[in-house]
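Residues per chain are reported as follows:
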Amino acid sequence: MWFNPFMIWLIRSPFHRLLSKNFMVLTYTGRKSGKTYRVPLNYTRLGDKLVTFSYRERTWWRNLRGDAPVVLRLEGRDVSATSSVLEDVADVAPALAAYLRQMPQMAKYFQVG
């Protein structure tokens, strides 16, 4: 997306406070390519976990399967973490419901009433 480089710059800049409450930069390594990728993501905290969602049709999230190591740029700091991916509808539905309770503005993006 055309605005991703700008969002990454902003989240990694001294101006990150404008977005840091709900946005992070996820850095991961492509499984096949070995290339490093950075993606700006909207997130929320559910308990001790950070949660974000993507459409199934997008493919970047597949690199996060199997407890892949990632680096998150959160609130002006880089944090090492381990990813997990929920793919089963029985797991995704309650997590998405909890996410949307905290971030109702995202319901439109996911076409949920």
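Bear in mind the structure is a predicted one, so any value in this text is a computation, not a measurement. (Residues numbered from 1 in each chain as written. Predicted model: local features only at pLDDT ≥ 70, side-chain atom pairs only at ≥ 80, totals over all residues. Heavy atoms only, no water.)

**Student:** Sorry if this is basic, but what is going on with the overall build of the chain here?
**Tutor:** Broken down by element type, the chain carries 2 helices and 6 strands. Each helix and strand of the chain, placed in order from N terminus to C terminus, yields the pattern α-β-β-β-β-β-β-α. Radius of gyration (C-alpha) of the chain: 14 Å, near the 13 Å computed for a compact globule of 113 residues. With the C-alpha coordinates aligned to their principal axes, the bounding extent of the chain is approximately 35 × 35 × 30 Å. Buried residues in the chain amount to 36% of all 113 residues. Within the chain, counting contacts between residues at least 6 apart in sequence, those at least 24 apart form 46% of the total. When the accessible surface of the chain is totalled, it reaches about 7,700 Å², and 56% of it is carbon and sulfur. (Helix = DSSP H or I, 4+ residues; strand = E, 2+ residues; numbered from the N terminus. Rg over C-alpha atoms; globule rule 2.2 N^0.38 Å. Buried < 20%, exposed > 50% of the residue type's maximum accessible area, 1.4 Å probe, protein only. Contact = heavy atoms within 4.5 Å. Areas by Shrake-Rupley, 256 points an atom, 1.4 Å probe, with all protein chains shown as cover.)

**Student:** Please explain the environment of Val 85 as it appears in this structure.
**Tutor:** On the secondary structure map, Val 85 appears in the loop between β6 (77–82) and α2 (89–102). Residue Val 85 is classed as partly exposed on the basis of its relative accessible area, which comes to 26%. Between the C-alpha atoms of Val 85 and Arg 12, which are 73 residues apart in sequence, the distance is 25 Å. Apart from the residues within four sequence positions on either side, Val 85 is in contact with Trp 61, Leu 64 and Arg 65.

**Student:** Would you mind going over helix α1 (residues 4–12) with me for this structure?
**Tutor:** Of all the residues in α1, the buried ones are Met 7, Ile 8, Leu 10 and Ile 11. Across the axial projection of α1, the buried residues extend over an arc of 165°, all falling on one side. In this structure, the buried side of α1 is in contact with β1 (23–29), β2 (36–42) and β5 (69–74). (Arc of directions from axis to C-beta.)

**Student:** Quick question: what am I supposed to make of the layout of surface pockets here?
**Tutor:** A probe matching the size of a water molecule, rolled over the atoms, marks out where space remains unfilled. There is about 940 Å³ of room inside the largest pocket. Contributing to the lining of the largest pocket are 31 residues, with Thr 52, Phe 53, Ser 84, Val 85 and Leu 86 lying nearest its centre. Listing elements by their share of the lining of the largest pocket, those giving two or more residues are β1, β4 (49–51), β5, β6 and α2. Of the residues contributing to the lining of the largest pocket, the split by class is 22 nonpolar, 6 polar and 3 charged. (1 Å grid on protein atoms, 1.4 Å probe; cavity = no way out; pocket = protein on both sides within 12 Å on 5 of 7 lines; lining within 4 Å. Points joined across faces, edges and corners; volume = space filled by probe spheres on them. Nonpolar A, V, L, I, M, F, W, Y, C, P; charged D, E, K, R; others polar.)

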